[in-house]
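Architecture at a glance
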Amino acid sequence: MSNVVTRFAPSPTGYLHIGGARTALFNWLFARNQGGKFLLRIEDTDRKRYAPEAVEAIYDGMRWLGIDWDEEPISQFSRIERHAEVARELLTKGAAYKCYSTKEEIDAFRTAARAAKRPPLFRSPWRNADMATAPDAPYVVRLKAPREGETTIDDQVQGSVTWKNETLDDMILLRSDGTPTYMLAVVVDDHDMEVTHVIRGDDHLTNAARQSIIYKGMGWDLPIYAHIPLIHGPDGAKLSKRHGALGVETYRDMGYLPAAMRNYLARLGWSHGDEDFFTTEQAIEWFSPDKIGKSPARFDFKKLENLSGQHIRATDNVDLLQEIEKFVASQHKPELTLRQREMFISGMDGIKERAKVIPELIEIAYYFLGERPFLPDEKAGHFLTTVSRGMLNRLTSRLRDATWTLEELEAEIRAFAEVEDLKLGKVAQPLRVALTGRTVSPSVFDMMVQLGKEECIARLEDASR
RNA sequence: GCGCCCUUCGUCUAUCGGUUAGGACGCUAGGUUUUCAUCCUGGAAAGAGGGGUUCGACUCCCCUAGGGCGUACCA
């Protein structure tokens, strides 16, 4: 096992959305590629926004996606003592200071700065103040960030990025109630968890620079950063709940295969030459952070759908049945009967190439999932005219004596069409309607063999009435 | 406002100074076919704009435009 450690650190404010899922996937792919560890940490230091059920939603989403993590997930909140300890150490080292400025003073400062067209970065008067003058009042702990020189981050995706230190502020490490902020907590936790590679959204790029100052203050080594571009909605704007930023469980409910989801998400921003369709094993084998692109990608349902169809076709029938059963369970529908499971296996070849998502698989399986009589729906009804009923009656009589194999059936029906002086389609389509009540289905010959003679004759008799 | 990042077909992308700029999705014209789908064949479709550097730029540099992110006692 290598010493590579990656992590996914969501904040439990809602479901696991698609951007987070991709971040988790990239971290996971890299860890698995390297034979390292992939850890989970819940960023729950902000108790005002903490929602326990959101943590479960995140676990569920990860599990559905098939992204497994090593070791017990860590609650950041449980580590606040350690965070405070580091803050105190920074204080004694002179890398941080106590700031007694009130919220009102800070607001006033910023408003004035804006009015004067100066950067609204707060410059605390306590940065170099004599602590003897400190009031007996609540204070926050601020980082004493350098104001001269520059800070450079070498990023695996973004390359070398530099900021002038004057554009970075003295961020708050410990709130006035003594709880740690995200900035402090991530650094301390990533360090203590021995995280070697931080792969996260590029909305954190500036944070990397600010956080590096904390690392420096503590004399710790920086992890290797890879800031990946965010995913945009179909219209190019920021992903919102309106379009695409749905929780992963929404995609599960739509019936996409997890394997297809992993494939699609991996391909969004990452590439391995021209490969578009691949298995998760291949993605793990091929994954490399330096092949992640720098520009944001848009979410495209059409492509996801196509990939899902390809994965359905490529999935072994027994495994596919399992996916169907998992889906059925997730939708709180009654589980499949033994007979239905058998029919799925025997009919899978005919239905899997006609579906792109699991609900379509179930829809196409209607011809064996449903029960007699299979009354024709509106479109199908047009094929059951007086003339075609007569034709079907003559066919039914012949079929009573037929040998029920694919070859015999096909020969029999083709011969019948010839006798009736009809094209095969003119016989097959009414036959399909009589058998299923619908205009669309797998091959009639395949269905007849699968359904068996007795059932087929019964359905034909139903239709003749 | 300031800082940082981004910009190849409609979309996802390949290309790492020299290619008829390739693939995939979607679209489209056909073919196979008992419906639908699958499958097969063909087609339209791209380097944001302007300057440089170079024998030669999609590729390197600068500017402009457009977009994104950040600028919290949120994460």
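Everything in this summary refers to the structure shown in the same document.

A word on the protein's contact with RNA strand B
RNA strand B sits among 65 residues. The nearest are R175, D274, K294, E353 and S441. Each atom of RNA strand B within 4 Å of the protein belongs either to a base or to sugar and phosphate, the latter forming 71%. In this structure, a sugar or linking oxygen belonging to RNA strand B sits 3.3 Å away from a side-chain N or O atom of E43. N306 has a polar side-chain atom sitting 3.3 Å from a sugar or linking oxygen of RNA strand B. Looking at the surface near RNA strand B, the elements with two or more residues in it are α4 (103-115), β7 (159-164), α5 (182-192), α6 (205-218), β12 (297-298), α10 (301-314), α18 (424-436) and α19 (444-451).

Here we look at unusual backbone geometry
Of the consecutive residues R372 and P373, the connecting peptide bond is found in the cis state with omega at -5°. Secondary-structure assignment places P373 in the loop between α14 (366-369) and α15 (378-381). Of note, H332 is a non-glycine position whose phi angle comes to about 60°, a positive value. For H332, the location among the structural elements is in the loop between α11 (317-330) and α12 (338-352). By relative accessible area, H332 is classed as exposed at 73%. Positive phi, close to 60°, is recorded for D421, a residue that is not glycine. Of note, D421 is situated in the loop between α17 (406-419) and α18.

Here we look at the sheet that holds strand β2 (residues 37-42)
Reading across the sheet, the 3 strands line up as β1-β2-β3 and stay open at both edges, with parallel pairing between neighbours. Looking at which strands have only one partner, the edges of the open sheet turn out to be β1 (5-8) and β3 (74-75). Across the sheet, helix α1 (residues 18-34) touches β1 and β2, and the angle it forms with β1 is around 165°. Sheet contacts for helix α2 (residues 52-65): β1 and β2; angle to β2, the most-contacted strand, approximately 155°.

Considerations on the environment of R123
Here R123 lies in the loop between α4 and β5 (140-143). Overall, the relative accessible area of 26% leaves R123 in the partly exposed class. As a C-alpha pair, R123 and D170 span 47 residues in sequence and 7.5 Å in three-dimensional space. Sequence-distant contacts of R123, defined by excluding residues within four places in its chain, comprise F109, R147, E166, L168 and D169. Of the polar contacts made by the side chain of R123, one reaches the backbone oxygen of E166; its length is 3.1 Å.

As for the sheet that holds strand β4 (residues 96-99)
Strand order in the open sheet made by the 3 strands is β4-β5-β8, with antiparallel pairing throughout. The open sheet has two edge strands, β4 and β8 (172-174), and neither has a second partner. Recorded for the sheet is a direction-independent mean angle of 40° between the axes of neighbouring strands. For β4 and β5, the ladder comprises 4 bridges, and the chain directions are antiparallel. Among the inter-strand pairings, Y97 is bridged to a residue of β5, identified as R142.

Cut-offs applied
- Residues numbered from 1 in each chain as written.
- Chains lettered and ligands numbered in written order.
- Predicted model: local features only at pLDDT ≥ 70, side-chain atom pairs only at ≥ 80, totals over all residues.
- Heavy atoms only, no water.
- Near = heavy atom within 4 Å.
- Polar contact = N/O pair within 3.5 Å; in protein donor to acceptor, adjacent residues only side chain to side chain.
- Helix = DSSP H or I, 4+ residues; strand = E, 2+ residues; numbered from the N terminus.
- Buried < 20%, exposed > 50% of the residue type's maximum accessible area, 1.4 Å probe, protein only.
- Pairing = 2+ DSSP bridges.
- Contact = heavy atoms within 4.5 Å.
- Axes fitted to C-alpha atoms, helices over the stretch in contact; angles between N-to-C directions.

These values are about where atoms sit, not about what they do.
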